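Coordinate inspection notes
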Amino acid sequence: MSEQQEVLVMTRRPDHSEDGTDRPQEPSDVECSRRSFLGYSVAGATVPFLVREASLAADTDTTTESPADATNFVVQATPSWYFIQRENGSQEMKWGPVGHAVIGGRPGGYGELIPNDRMYIHNRARPPDIDRRTWRLKLNGDALTRPRSFTYDELLAMPSVTLKRTIDCGANCAAFFPKLPPGGADNRWLPVGYTQWHFGAVGAAEWKGVRAKDVLAAAGADSPVDVKFTGLDVIADPGFPGGTVHYSQVAPADKVLKDDTLLVYGMNGQDLPIDHGYPLRLLLSGWVAVTYVKWLGEIEVSKHRIPPAGLQTNHMLTGPAYPTPASVSVGPVRSAIEHDREITLAPGDITLRGRAWSGAGAIESVDVSVEKLASPGRWVTEMPWRTARLLSTPEPYMWVRFEVPWPGVKPGQYRVMSRAKDKAGNVQPRPEDVVWNQHGLAYNGHYPLDLIVLPPSDMP
């Protein structure tokens, strides 16, 4: 069943839990009346009256309801107030709750870090059932002089490192790619079977773990070239021998040996959640999160190049612009406005807020622009590109929050765009200038977000 269209008009919606039972939709016991809407609207408040999910094809949730006996790839609860289910195992974070100062009369906005149970999830199979008392991390390969395994407690006994990092799926924003490349060359199409993420396959957390280089050193790493990380999840795929494959990624040793490459066992002060890789996952600072192998079980350290294998062969840039496939590594500069699509705001003074991030380092600046629908198919500039105020000091590999005033807004339909620049000089391009690739990776155009401005008296 497609995700229910959302209408917060003095009602609560059913949410289907893992066992198929209905339960009150979060936030519990909330009634969004016209009075509460007016309360939100005072002094240009930014808490929206959520009318409906986007009707645009790019924002349509095409997820179908799984058979009763199908395996759910996600362990934790994912209420539709906070998540959009894109497919089994793919739960996208909604941006609306991220930026709200108040939800239903109580604090609900997120700060710098996303709570563990609100972070987006991308599992390609049911997380493996792991007992950390018997779990072992195996290290092997011809670049090790002392191949060995590590217990969980042995890793905890090593010097720990805590880092704040934004993790951004390589396929985040994939839904915004055209289905055909420019010119429709070579009969290529963007596969719709891939997860059609919008802006929400991203999040930030405080990660705790051990340096990968310390673990490799304890196994006697000697002149490594490539390192292969393999998870314990078993993914069904008829394209591989036996019909299954373990998720794996190969990374060059010079990246693995950096001080901020971690084998992570903690997230926001707690044990790593099951859906985020418990008991151990990889973190490659600044790289796209598709490389962050979860449920780590084995590390191969080689003196030679290791060719991509398994699902990593799909994580390559291919298409008319790539005569030779290119690997995906450093995350692109991106930004997002902290609203869900097609929400309705009250006229008056509005403050637009959002977040920007880059895998190439810290954010330098963010601009915001607004267009208004003047007539069907014709958009006119309402607010030219305006530099936003950054709400904190930008840090490498962490997103930064921003805001920009939008005064005297009149009723109408609008689309809002944000354009970030990082300190390496990378700038988000126009949507039409994003280089198309076959797997829908690394999209970072300043794609518009639709908003409606309407007086409360016109509400149903």
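Residues numbered from 1 in each chain as written. Predicted model: local features only at pLDDT ≥ 70, side-chain atom pairs only at ≥ 80, totals over all residues. Heavy atoms only, no water.

On to the overall build of the protein chain, then. Within the protein chain, the regular secondary structure consists of 5 helices and 28 strands. Buried residues in the protein chain amount to 52% of all 460 residues. Considering only residue pairs separated by 6 or more positions, the protein chain has 73% of its internal contacts joining residues 24 or more positions apart. Only carbon and sulfur atoms are counted for the fraction: they give 52% of the accessible area of the protein chain, which is about 19700 Å². (Helix = DSSP H or I, 4+ residues; strand = E, 2+ residues; numbered from the N terminus. Buried < 20%, exposed > 50% of the residue type's maximum accessible area, 1.4 Å probe, protein only. Contact = heavy atoms within 4.5 Å. Areas by Shrake-Rupley, 256 points an atom, 1.4 Å probe, with all protein chains shown as cover.)

Let us look at the pattern of salt bridges. Considering all chains together, one arrives at 21 salt bridges under this definition. Where Lys421 meets Glu364, a salt bridge forms, and the shortest distance between an N and an O atom there is 3.5 Å. Placement of Lys421 in strand S27 (residues 412–422) and of Glu364 in strand S23 (residues 363–375) is noted, with a sequence separation of 57 residues between them. Judged by relative accessible area, Lys421 falls into the partly exposed class, the value being 30%. Residue classification places Glu364 among the partly exposed residues on the basis of a relative accessible area of 39%. When salt bridges that share partners are traced, they join Arg211, Lys213 and Asp259 into one network. (Salt bridge = Lys/Arg side-chain N within 4 Å of Asp/Glu carboxyl O.)

Along the chain, the position of Glu371 falls in strand S23. On the basis of relative accessible area, Glu371 is assigned to the buried category, the value being 18%. Of the polar contacts made by the side chain of Glu371, one reaches the side chain of Arg415; its length is 2.6 Å. When residues no more than four places from it in sequence are discounted, the contact partners of Glu371 are Trp379, Val380, Thr381, Glu382, Gln413, Tyr414, Arg415 and Met417. (Polar contact = N/O pair within 3.5 Å; in protein donor to acceptor, adjacent residues only side chain to side chain.)

Let's shift gears to the pairing of strand S22 (residues 348–357). Where a strand is regular, its side chains alternate between the two sheet faces. Where strand S20 (residues 334–337) and S22 come together, 4 bridges link them in antiparallel fashion. Note that in S22 the partner of Ile337 across the bridge is Gly354. Of the strand pairs in this sheet, S22 and strand S26 (residues 400–409) are connected by 8 bridges, and their pairing is antiparallel. Looking across to S26, one finds that Arg355 is bridged to Arg401. (Pairing = 2+ DSSP bridges.)

Mapped onto the elements of the fold, Pro224 is located in the loop between helix H4 (212–218) and strand S12 (226–236). If near-sequence neighbours (up to four positions away) are discounted, Pro224 is found in contact with Ala143, Ala253, Leu257, Val301 and Ser302.

With mixed pairing, the 5 strands of this open sheet are ordered in space as S9-S8-S17-S12-S13. Because the sheet does not close on itself, it has two edges, and the strands there are strand S9 (148–151) and strand S13 (244–252). For this sheet, the mean angle separating the axes of adjacent strands, direction not counted, is 20 degrees. Judged from the 3 bridges that link them, strand S8 (residues 136–140) and strand S17 (residues 296–302) form a sheet pairing that is parallel. Across the sheet, residue Leu139 finds its bridge partner in S17, namely Ile299. (Axes fitted to C-alpha atoms, helices over the stretch in contact; angles between N-to-C directions.)

Looking now at unusual backbone geometry. Residue Pro279 is reached from Tyr278 by a cis peptide bond, and omega for that bond is 10 degrees. Note on placement: Pro279 falls in the loop between strand S15 (270–271) and strand S16 (281–284). In the Ramachandran plot, Asn268 falls in the positive-phi region, its phi being about 55 degrees despite a non-glycine side chain. Note that Asn268 resides in the loop between strand S14 (261–267) and S15.

Counted according to the given criterion, the structure contains 11 aromatic pairs. Arranged with centres 6.4 Å apart and planes meeting at 75 degrees, the rings of Trp135 and Tyr152 form a pair that is edge-to-face. Of this pair, Trp135 sits in the loop between strand S7 (121–122) and S8 while Tyr152 sits in helix H3 (residues 152–156), placing them 17 residues apart in sequence. For Trp135, a relative accessible area of 5% gives the class buried. The class of Tyr152 is buried, set by a relative accessible area of 5%. (Phe/Tyr/Trp six-rings, centres within 6.5 Å; stacked < 30°, edge-to-face > 60°.)

This part is about the sheet that holds S7. What the 3 strands build is an open sheet, ordered S3-S4-S7; its pairing is antiparallel. Unpaired on one side and paired on the other, strand S3 (83–87) and S7 mark the two borders of the sheet. Judged from the 4 bridges that link them, S3 and strand S4 (residues 90–93) form a sheet pairing that is antiparallel. Each residue of the ladder has a partner; that of Phe83, found in S4, is Met93.

Let us look at the confidence of the model for the protein chain. Interpreting fine coordinate detail is not advised for predicted regions of low pLDDT. Averaged over all residues, the pLDDT of the protein chain is 84; the fraction at 70 or higher stands at 81%. Within the model, the stretch residues 101–105 combines pLDDT values under 50 with 15 contacts to residues more than four positions away or in other chains. (pLDDT = per-residue confidence, 0-100.)

With that settled, the discussion passes to the side chain of Glu92. Locating Glu92 in the fold gives a position in strand S4. Judged by its relative accessible area of 3%, Glu92 is buried. Polar side-chain contacts of Glu92 include one of 2.9 Å to the backbone nitrogen of Gly200.

On to the environment of Leu317. Relative to the helices and strands, Leu317 resides in strand S18 (residues 316–319). Linking Leu317 and Ser327, residues 10 residues apart in sequence, is a C-alpha distance of 6.1 Å. Once you skip the residues sitting within four places of it in the chain, Leu317 turns out to touch Tyr322, Thr324, Pro325, Ala326, Ser327, Val328, Asn437 and Leu441.

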